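Here is how the chains run, residue by residue.
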Amino acid sequence: MKYPLSTFGNRLALQSGIGELMQDLGQALASGDENLCMLGGGQPAHIPQVDQIWAQRLSEIAADPQQVNRVLGDYQPPGGDAAFRDAVASLFRREFGWPISGENVCITAGGQTAFFLLLNALAGQFDDGTTKKILLPIVPEYIGYADQSTSCELFRGVRPLIERIGDHEFKYSIDFDSLRIDDQIAAICLSRPTNPSSNVIGDEELQRLAELADQHGIPLIVDNAYGDPFPGVIFTDTSPIWNPSMVLTYSLSKLGLPGTRTGIVIADQAVIETISSMNAITSLANNNVGQAIIQPLIESDEILTVSRELIRPFYQQRAAEVQTWLSDVLDDSVPYRIHRSEGAFFIWLWVEGLPITSAELYDRLKRRGVLVISGHYFFFGIDDPSWDHRNECLRISFTAPESVLRKGFAILAEEINQLFATN
Ligand SMILES: Cc1ncc(COP(=O)(O)O)c(C=O)c1O
């Protein structure tokens, strides 16, 4: 039986890029089909030494009946466990000297939910009939924000400056001259490192954005799903910045704990209270498991060593290898460029003058058992159909085992090479 849906229902029950991505990802993982090359989702790699730490922590919790009762049997307050929030605040105070306490920290059901709550609380339809938007200072930006609005179009995106480097590399940067912050803008938002491009906005650019946000009395939201200090999948010499008009989000997912659905928001107390109230109404409380697993590592700073000594080197080495593996199979005559690898788990491939759209290329690859993400999904908030770049990029995740990556790259290269073959 199909029931008529409300505006809210219609907005969220649609076919979305993130829906397609998670469907592909979930099915590929559940099927166990060895012929499928899953190069699509943001699934973290299984790094054996890291997985072992989580397994060890679970055994420690399971061995202590008091902890089992607390973790599995008790509801937490809607903002998260008070001791955990204090532990997170202390870590950031110790590490970066930020003047924050547990009251500046709130837990959500993953970073995705943090954004659903934050974006809809700050922008969209207001009681007086006006509407407000989130400014994305650099697009392409994370696909997961795109369809989160419960009211009206949420985003105003800005095209990046593109620097072509050598024959096969490129890098985006913020076009500050094109940033227009007017009364309609409720907040500025970016991911750092950026999913999909792996770009990392430098400290100076971030500081400049923070000052712009301050001047206009709006928050700057920085999504650190891959960032410092955890999971630390960031290869540039940059640092996190916080001031009271910034909202930072973190997540346990890319540490290898996506199943715990744990997000962390650091912000001014008023923002934290808003998110906590929304948590209470939408979900009562958060999942306790992720907080319980990670709390001792946060208190001892072990989370920093795990991130810096195990997680970052794994992805940094992989990022360098996959660029070579992909370049080895793409014909030199193909006008391809790979975004400079500065963090996260992805190759952002741009094929300038691609004769078919990236969405068609995605379909062709899917038919051959290779799952990637068509780049067009990441160019939301921009109304410029003449910008070909939007349809010329693919996001390729490199967390799968080497054999899967090499097999997927071979098929990908066959499809792309033949589009440029002259016979
Ligand atoms: C940039 C970015 N932000 C947020 C998320 C949300 O992740 P989670 O809800 O698992 O914390 C992701 C997931 O891939 C992401 O890539």
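Quick caveat, the model's predicted, so the values are computed rather than measured.

1. Quick notes on the overall build of the protein
For the protein, the helix and strand inventory stands at twelve helices and 16 strands. Against the 2.2 N^0.38 benchmark of 22 Å for 423 residues, the protein shows a C-alpha radius of gyration of 21 Å, consistent with a compact globule. Judged by the C-alpha coordinates and their principal axes, the protein covers about 70 × 55 × 55 Å. In the protein, which comprises 423 residues, the proportion classed as buried is 45%. In the protein, of all internal contacts separated by at least 6 residues, the share reaching a separation of at least 24 is 74%.

2. Looking at the site of the ligand
The environment of the ligand is formed by 14 residues, the closest being G42, G110, G111, S251 and S253. Each residue belonging to the shell around the ligand can be placed in one class, and the counts come to three nonpolar, ten polar and one charged.

3. A word on the domain arrangement of the protein
The assigned domain composition of the protein is domain 1 (7-50 + 306-420) and domain 2 (64-301). Placing the centre of domain 1 and that of domain 2 at their C-alpha centroids yields a distance of 23 Å. Opposite the 41 residues of domain 1 that make contact, domain 2 presents 42 residues. Secondary-structure elements contributing two or more residues to the side of domain 1 that touches domain 2 are α1 (7-12), α2 (17-31), α10 (302-329), β12 (336-339) and β13 (346-351). Residue contributions to the side of domain 1 that touches domain 2 peak at eight residues, all from α10. Grouping the amino acids of the side of domain 1 that touches domain 2 by side-chain chemistry returns 23 nonpolar, eleven polar and seven charged.

4. Focus: the packing of helix α5 (residues 82-96) against helix α9 (residues 289-299)
Helix packing geometry: the angle between the two helix axes and the distance between the axes. In the contact formed by α5 and α9, the axes pass within 9 Å of each other and the chain directions differ by 35°. Seen along the crossing, α5 lies across α9 with a hand that is left-handed. Only Q291, Q295, I298 and E299 of α9 make contact with α5, whose side of the interface consists of F84, A87, V88 and L91.

5. Some details on the nonpolar core
Formed by 115 residues in total, the largest nonpolar core has its most connected members in I134 and L349. Formed jointly, this core draws a minimum of three residues from each of two domains, domain 1 (7-50 + 306-420) and domain 2 (64-301). Once you skip the residues sitting within four places of it in the chain, L349 turns out to touch Y336, I338, C393, L394 and I396.

6. Notes on unusual backbone geometry
Of note, the amide linkage connecting R192 to P193 takes the cis form, showing an omega dihedral of -5°. Between F230 and the following residue, P231, the backbone shows a cis peptide bond with an omega angle of 5°. In this structure, R261 takes a positive phi of about 45° despite not being glycine. Structurally, R261 is set in the loop between β10 (246-251) and β11 (263-266). Look at R261 and you get partly exposed, because 19 C-beta atoms sit within 10 Å.

7. A short note on the sheet that holds β13
Pairing in this open sheet of six strands is mixed, and the strands run β6-β7-β12-β13-β16-β15 from one edge to the other. Each edge of the open sheet is held by one strand with a lone partner, namely β6 (161-165) and β15 (373-374). Strand direction decides the pairing type here: β13 and strand β16 (residues 393-397), joined by five bridges, are antiparallel. In the sheet register, W350 faces β16, and the bridge partner there is C393.

8. Thoughts on the pairing of strand β8 (residues 185-191)
The element β8 is largely enclosed, with a buried count of six among its seven residues. Pairing geometry for strand β4 (residues 131-136) and β8, over three bridges, is parallel. Looking at β8, one finds that K133 is bridged to I185. For β8 and strand β9 (residues 220-223), the ladder comprises four bridges, and the chain directions are parallel. Directly across from C189, in β9, lies its bridge partner I221. The parallel pair β8 and β9 is bridged by helix α7 (residues 203-215), and the resulting crossover is right-handed.

9. Some thoughts on the pairing of β4
Strand direction decides the pairing type here: strand β3 (residues 124-125) and β4, joined by two bridges, are antiparallel. Within the sheet, the bridge partner assigned to G124 lies in β4 and is K132. Hairpin geometry of β3 and β4 is characterised by an intervening segment of five residues between the two adjacent antiparallel strands and by a positive phi of about 90° at G129. Here β4 pairs with strand β5 (residues 155-157) via three bridges, running parallel. Along β5, the bridge assignment pairs I134 with F155.

10. Observations regarding the environment of L206
Among the structural elements, L206 can be located in helix α7. For L206, a count of 21 C-beta atoms within 10 Å translates into the label buried. With 14 residues separating them along the chain, L206 and R192 place their C-alpha atoms 9.6 Å apart. What L206 contacts, discounting residues up to four positions off in sequence, is I201 and I241.

11. Comments concerning the packing of α9 against α10
Between α9 and α10, the shortest axis-to-axis distance is 5 Å and the interhelical angle comes to 95°. Judged by the angle between their axes, α9 and α10 are roughly perpendicular. Note on element contacts: α10 touches α9 through E302, I303 and V306, opposite I294, L297 and I298. Among the residues making up the contact of α9 with α10, the classes are represented as five nonpolar, no polar and one charged.

12. Structural notes on α9
Of the residues making up α9, those classed as buried are G290, Q291, A292, I293, I294, L297 and I298. For α9, the elements touching its buried residues are α3 (48-62), α4 (65-73), α5, β2 (105-108) and α10. The positive-phi residue at the C-terminal boundary of α9 is D301, with phi of around 70°.

What counts, and at which threshold
- Residues numbered from 1 in each chain as written.
- Predicted model: local features only at pLDDT ≥ 70, side-chain atom pairs only at ≥ 80, totals over all residues.
- Helix = DSSP H or I, 4+ residues; strand = E, 2+ residues; numbered from the N terminus.
- Rg over C-alpha atoms; globule rule 2.2 N^0.38 Å.
- Buried ≥ 20, exposed ≤ 12 C-beta atoms within 10 Å, placed from the backbone.
- Contact = placed C-beta atoms within 7 Å.
- Near = placed C-beta within 6 Å.
- Nonpolar A, V, L, I, M, F, W, Y, C, P; charged D, E, K, R; others polar.
- Domains from an automatic or database assignment.
- Axes fitted to C-alpha atoms, helices over the stretch in contact; angles between N-to-C directions.
- Left-handed = near helix turned anticlockwise from the far one by under 90°.
- Core = buried A, V, L, I, M, F, W, Y, C linked by C-beta atoms within 7 Å.
- Pairing = 2+ DSSP bridges.
- Right-handed = clockwise from strand over helix to strand, strands pointing away.
- Parallel < 35°, antiparallel > 145°, perpendicular 65-115°, else oblique.

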